[in-house]
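# Commentary on secondary and tertiary structure
Given next are the chains, with one letter for each unit.
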Amino acid sequence: HPLLRAHDSTWGMGSYALQRLDENREVLRWMGDWRDRPDAPVWALGNLALAHASLGDFEAAAGVAAQVLARRPDDQDARLWQLVAHAAGGRHAELADGLQRLAEWQREDWMEPVMSLLHAYHEAVSARRFFAAIRVFRRIAPAKPGLIPLHHLARRLGRHLAWRVAPVWAAPFLWLALDGG
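These numbers come from a predicted model, not from an experiment. (Residues numbered from 1 in each chain as written. Predicted model: local features only at pLDDT ≥ 70, side-chain atom pairs only at ≥ 80, totals over all residues. Heavy atoms only, no water.)

With that out of the way, let us pick up helix α7 (residues 92-100). Within α7, burial applies to L95, A96, G98 and L99. Projected onto a plane normal to the axis of α7, the buried residues spread over an arc of 165 degrees and lie on a single side. α7 presents A93 and Q100 as exposed residues on the side facing more than 90 degrees away from its buried surface. Taken together, the buried residues of α7 touch α6 (76-88) and α8 (112-127). (Buried < 20%, exposed > 50% of the residue type's maximum accessible area, 1.4 Å probe, protein only. Helix = DSSP H or I, 4+ residues; strand = E, 2+ residues; numbered from the N terminus. Arc of directions from axis to C-beta. Contact = heavy atoms within 4.5 Å.)

Now for the pattern of salt bridges. Evaluated as defined, the whole model comprises 8 salt bridges. Across the salt bridge formed by D33 and R5, the nearest N and O atoms sit 3.3 Å from each other. Of this pair, D33 sits in the loop between α3 (24-30) and α4 (42-54) while R5 sits in helix α1 (residues 2-6); the two residues are 28 residues apart in sequence, bridging distant segments of the chain. For R5, a relative accessible area of 23% translates into the label partly exposed. In this structure, E59 and R91 form a salt bridge, with 3.0 Å as the shortest nitrogen-oxygen distance. Remark: R91 occurs in the loop between α6 and α7 and E59 occurs in helix α5 (residues 58-71); sequence separation between them is 32 residues. Relative accessible area serves as the criterion here: at 41%, E59 is assigned to the partly exposed category. Counted as one network, the salt bridges with shared partners bring together R5, D8, D33 and R37. (Salt bridge = Lys/Arg side-chain N within 4 Å of Asp/Glu carboxyl O.)

Looking now at α8. The terminal C-alpha atoms of α8, which comprises 16 residues, lie 22 Å apart, in line with the 22 Å expected from a rise of 1.5 Å per residue. All of the buried residues in α8 are P113, V114, M115, L117, L118, A120, Y121, A124 and V125. Note on α8: the residue one or two positions beyond its end, R128, has a positive phi of about 55 degrees. (Expected span 1.5 Å × (residues − 1).)

Here the focus is empty space enclosed by the protein. Under the definition given, this model contains 1 cavity of 30 Å³ or more. The volume enclosed by the largest cavity comes to roughly 30 Å³. Lining the largest cavity we find W81, V84, W110, V114, P149, L150 and L153. The set of elements that each furnish at least two residues to the lining of the largest cavity consists of α6 and α10 (148-165). Considering each element in turn, the lining of the largest cavity owes the most residues, 3 residues, to α10. (1 Å grid on protein atoms, 1.4 Å probe; cavity = no way out; pocket = protein on both sides within 12 Å on 5 of 7 lines; lining within 4 Å. Points joined across faces, edges and corners; volume = space filled by probe spheres on them.)

Looking now at the packing of α7 against α8. The N-to-C vectors of α7 and α8 enclose an angle of 125 degrees; their axes lie 11 Å apart at closest approach. One way to sum up the angle between α7 and α8 is to call them oblique. As α7 packs across α8, the resulting crossing turns out to be left-handed. In this structure, α7 contributes H92, L95, A96 and L99 to the contact, and α8 contributes M115, L118, H119, Y121, H122 and V125. (Axes fitted to C-alpha atoms, helices over the stretch in contact; angles between N-to-C directions. Parallel < 35°, antiparallel > 145°, perpendicular 65-115°, else oblique. Left-handed = near helix turned anticlockwise from the far one by under 90°.)

Now the structure itself:
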């Protein structure tokens, strides 16, 4: 495959093929030289961000997204990965700011379950409506079983709500309700 790696476009196509097969670790391996490719297609870097998110590494996904946004500030996928990283990292002010600016960009249909989860999490944290978030978390997880990053994100945010944000008395109830076990 040196021929495939020789050009950024074929290199990107390789990442897409691996991503479609849900070979996320292979995507990371294949794209390991992404920082050395200043002309890498933005869509290919989206595959890399998705692979990181699918493995639960939301900060790495946001790092890729930051590079994409430096080149294309209006990239929807990169904006989403930044919001996800803010939520997963407990950066509530940044998440709130990003959610307030949603009117500036158009979302694709696949993003809606992730956005619903982020909104529910933000509402739970800011308005302290923890148990209202349970309905959203439970409705989303089974609705999109193939969206692996959503599962990882729901578990991470549920754990954060239960053990770091909610009152001590509510933590075990929240954790059990969010299938945290």
